[in-house]
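Descriptive analysis of the structure
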Amino acid sequence: MSSTIDWVSIKKYEDILFLFKEGISKIEINRPWCHNAFRVETVNEMIDAINICSNRNDIDLLIITGSGEKSFCSGGDQKTRSMGGYLGKDGVPRLNILEFYKKIREIPKPVIAMVNGYAVGGGHVLHVVCDLTIASDNAIFSQAGPKIGSFDGGFGCSYLARHIGQKKTREMWFLCKEYTAKEALEMGLINKVVEKKELENKTIEWCKIIQKRSPMALRMIKRSLNAELDGQHGLMQLAGDATLMFYLMEESQEGKNAFLEKRSPNFKKYPKFL
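Residues numbered from 1 in each chain as written. Predicted model: local features only at pLDDT ≥ 70, side-chain atom pairs only at ≥ 80, totals over all residues. Heavy atoms only, no water.

**What to know about the packing of aromatic side chains**
What the rule picks out here adds up to two aromatic pairs. With centroids separated by 6.3 Å and ring planes inclined at 50°, the aromatic side chains of Tyr-13 and Phe-18 adopt a geometry described as tilted. By relative accessible area, which is 0% here, Phe-18 ends up buried. Geometrically, the ring pair formed by Phe-155 and Tyr-159 is edge-to-face, given 6.3 Å between the ring centres and 70° between the ring planes. On the accessibility criterion, Tyr-159 (17% relative accessible area) is buried. The ring of Phe-20 is capped by Arg-56, whose NZ or CZ atom sits 5.1 Å from the centre of that ring. (Phe/Tyr/Trp six-rings, centres within 6.5 Å; stacked < 30°, edge-to-face > 60°. Buried < 20%, exposed > 50% of the residue type's maximum accessible area, 1.4 Å probe, protein only. Lys NZ or Arg CZ within 6 Å of the ring centre and 35° of its normal.)

**Some remarks on the nonpolar core**
In this structure, Ile-27, Ile-64, Phe-100, Ile-104, Leu-126, Phe-141 and Leu-189 are the most contacted members of the largest nonpolar core, which totals 47 residues. Ignoring any residue separated from it by four or fewer positions in sequence, one finds Leu-126 in contact with Ile-29, Ile-64, Phe-72, Cys-73, Phe-100, Tyr-101 and Ile-104. Trp-7, Leu-19, Ile-24 and Leu-61 belong to the second-largest nonpolar core, a separate cluster that totals 13 residues. (Core = buried A, V, L, I, M, F, W, Y, C linked by side-chain atoms within 4.5 Å. Contact = heavy atoms within 4.5 Å.)

**A short note on the pattern of salt bridges**
Counted by the stated rule, this structure contains 23 salt bridges. Where Arg-162 meets Glu-228, a salt bridge forms, and the shortest distance between an N and an O atom there is 3.4 Å. Here the residue Arg-162 occupies a position in helix H4 (residues 158-164), and Glu-228 occupies one in the loop between helix H8 (215-227) and helix H9 (231-247), the gap between them amounting to 66 residues. One salt bridge in this structure joins Lys-197 and Glu-195, with 3.9 Å as the shortest N-O distance. In this structure Lys-197 comes out as exposed when scored by relative accessible area, which is 65%. Relative accessible area serves as the criterion here: at 45%, Glu-195 is assigned to the partly exposed category. Taken together, the shared-partner salt bridges in this structure form one network comprising Glu-14, Asp-15, Arg-31, Arg-39 and Glu-41. (Salt bridge = Lys/Arg side-chain N within 4 Å of Asp/Glu carboxyl O. Helix = DSSP H or I, 4+ residues; strand = E, 2+ residues; numbered from the N terminus.)

**Re the sheet that holds strand S10 (residues 118-120)**
Strand order in the open sheet formed by four strands is S5-S10-S12-S13, with mixed pairing between adjacent strands. Sheet topology places strand S5 (71-73) and strand S13 (179-180) at the edges, where each strand pairs with a single neighbour. Relative to strand S12 (residues 140-142), S10 runs parallel, the two being bridged by three bridges. Opposite Tyr-118, over in S12, you have Ile-140 as the bridge partner. (Pairing = 2+ DSSP bridges.)

**A look at the packing of H8 against H9**
The geometry of a pair of packed helices is captured by two quantities: the angle between their axes and the separation between those axes. At their nearest, the axes of H8 and H9 sit 8 Å apart, and the two run at 155° to each other. By the criterion of interaxial angle, the relationship of H8 to H9 is roughly antiparallel. In terms of crossing hand, the pair formed by H8 and H9 is left-handed. Contacts from Met-216, Arg-219, Met-220, Arg-223, Ser-224 and Ala-227 in H8 reach Gly-231, Gly-234, Leu-235, Gln-237, Leu-238, Asp-241, Ala-242, Leu-244 and Met-245 in H9. Across the contact of H8 with H9, the residue classes tally to eight nonpolar, four polar and three charged. (Axes fitted to C-alpha atoms, helices over the stretch in contact; angles between N-to-C directions. Parallel < 35°, antiparallel > 145°, perpendicular 65-115°, else oblique. Left-handed = near helix turned anticlockwise from the far one by under 90°. Nonpolar A, V, L, I, M, F, W, Y, C, P; charged D, E, K, R; others polar.)

Quick look at the structure:
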């Protein structure tokens, strides 16, 4: 996909581009010859990249997209599919894309899907699990599993239904129809549609707005919104961030300092909020 941004490479990979500019990172699936279908190695690289995003304080948020102007991502590369999953170079069948979906949910930073063309199958689920989706006016959205003997019973069903409702989700999966960007916007599947030539500029514009917001507030909002669907795991992450916030408070520091100084803590000086 053509870019007006002077991106800098963070790390070299075989299947993806991992780029950075002014606090914004971008993972770009770089397999346009197969509509940016992912193989095991592609997903492993994306997992490595998103882990780097999680651990770098100079990265505020992440964009996920695909190379070229025809496809965001067409899901799993069927040429590498075998009994039990997709075969990596080691010959072991895996469904490691599920791990990447979880990483998108878990990273305490906003993730924006920048959809440039077809988002199909596992590529459609990929944009669904992102926090926001901005699409070009030529984007096409579709679930393809039942056409190729596959399905996604996780986020591809439950979270999709939270976006567009049970009836529309069943329609998407049962019929495997294609939907335009305009239709996707109308059903609440995406957040914004722009002209193809303006896709990256608009996405960067949204990123810059988000960068002005409180990172802790954004973190807690994402955790809170995820907690209901993610069960005990989601509650654990929300509680973990609540603990982080408490550790930043003077009241928490009093308990630690008292322990280290071998004295009784004085918690009575801190207010009890109603």
